[in-house]
Amino acid sequence: ESEFILRRFREKSFAKGVESVARGDFLSGLAYFEAAMELAKKVEKITPPPKYLSHYGLCLAMVSTRTQTALELCESAVAVEFYNPELFHNLARVHLRMGRRDRAYPVLLRGLQLNPGHRGILKDLRTMGMRRRPFLPFLSRGNPVNKFFGMVFREPGQVAAEA
């Protein structure tokens, strides 16, 4: 009976964490996910489920400078539950937090393949926007010549895209 109560408390803590993230309160989410993981590890003596690691990693990236740890948590979760679009979404959000749009984009596309109607992924893809091809495609996007021509031929009022 106490096992049932502990499992229930762990699941409730995870659910509260998800609600916190939905509100943008990543600090509270971090606390809820940490509690859920601790209950799983120390009290129930089980490995925290990948979704716990992923959500904890997302919150960790959003509220601290421990982004590399957060990235590793999210990547390990995706490696186990490669069929869960929510985990891909969390991983992409960590990449975005780290300023790695180039790494976030394919991760979002993979999540979208798993669930074409995933609202969070669709929203992030819209926010990222579409990038035009480099002015000189045979040069890298970051090449100074491409950057120069990109600025010169940018539409009036258009904001330069981040790398």
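Please read these numbers as outputs of a predicted model, since none were measured by experiment. (Residues numbered from 1 in each chain as written. Predicted model: local features only at pLDDT ≥ 70, side-chain atom pairs only at ≥ 80, totals over all residues. Heavy atoms only, no water.)

*Asks:* Explanation requested: the environment of Arg132 in the structure shown.
*Replies:* Summarising the element assignment, Arg132 is placed in the loop between helix H7 (119–128) and helix H8 (144–152). Given a relative accessible area of 46%, Arg132 falls into the partly exposed group. With 43 residues separating them along the chain, Arg132 and His89 place their C-alpha atoms 24 Å apart. (Helix = DSSP H or I, 4+ residues; strand = E, 2+ residues; numbered from the N terminus. Buried < 20%, exposed > 50% of the residue type's maximum accessible area, 1.4 Å probe, protein only.)

*Asks:* Please clarify how the nonpolar core should be interpreted in this entry.
*Replies:* Where a protein is soluble and globular, its nonpolar side chains tend to be buried together. Of all hydrophobic cores here, the largest spans 32 residues; its most connected members are Tyr56 and Val94. Those elements that place two or more of their residues in this core are helix H1 (2–22), helix H2 (26–43), helix H3 (50–63), helix H4 (67–80), helix H5 (85–97), helix H6 (101–114) and H7. Looking at which element gives the most residues to this core, the answer is H3, with 7 residues. Setting aside chain neighbours within four positions, we find Val94 in contact with Gly57, Leu58, Ala61, Thr67, Ala70, Leu71 and Cys74. (Core = buried A, V, L, I, M, F, W, Y, C linked by side-chain atoms within 4.5 Å. Contact = heavy atoms within 4.5 Å.)

*Asks:* How should the pattern of salt bridges be read in this particular structure?
*Replies:* Once the charged atoms of two side chains with opposite charge are near each other, the side chains can pair. One pass over the full model with this rule turns up 3 salt bridges. As a salt-bridge pair, Asp25 and Arg23 come within 3.9 Å of each other at their nearest N and O atoms. You can call Asp25 partly exposed: its relative accessible area is 28%. Note that Glu38 is salt-bridged to Lys42, the shortest N-O span being 3.1 Å. (Salt bridge = Lys/Arg side-chain N within 4 Å of Asp/Glu carboxyl O.)

*Asks:* In this structure, what is going on with the confidence of the model for the chain? I would like to understand it.
*Replies:* Where the model shows low pLDDT, its predicted coordinates should not be examined in detail. Mean pLDDT over the chain: 90, with 93% of residues reaching 70 or higher. Across the chain, the secondary-structure element scoring lowest on mean pLDDT is H8, at 86, and the one scoring highest is H5, at 98. (pLDDT = per-residue confidence, 0-100.)

*Asks:* Hey, could you run me through the side chain of Arg10 in this one?
*Replies:* Within the fold, Arg10 resides in helix H1. Residue classification places Arg10 among the buried residues on the basis of a relative accessible area of 7%. Discounting residues that sit within four places of it in the chain, Arg10 has contacts with Ala36, Leu39, Ala40, Glu44, Ile46, Pro49 and Tyr52.

*Asks:* Please clarify how the packing of H4 against H5 should be interpreted in this entry.
*Replies:* One can describe the packing of H4 onto H5 by two numbers: an axis separation of 9 Å at closest approach and a directional angle of 160 degrees. With respect to H5, the element H4 is oriented roughly antiparallel. When the axes of H4 and H5 are compared, the crossing they make is left-handed. Contact residues: Thr67, Ala70, Leu71, Cys74, Glu75, Ala77 and Val78 in H4; Leu87, Phe88, Asn90, Leu91, Val94 and His95 in H5. (Axes fitted to C-alpha atoms, helices over the stretch in contact; angles between N-to-C directions. Parallel < 35°, antiparallel > 145°, perpendicular 65-115°, else oblique. Left-handed = near helix turned anticlockwise from the far one by under 90°.)

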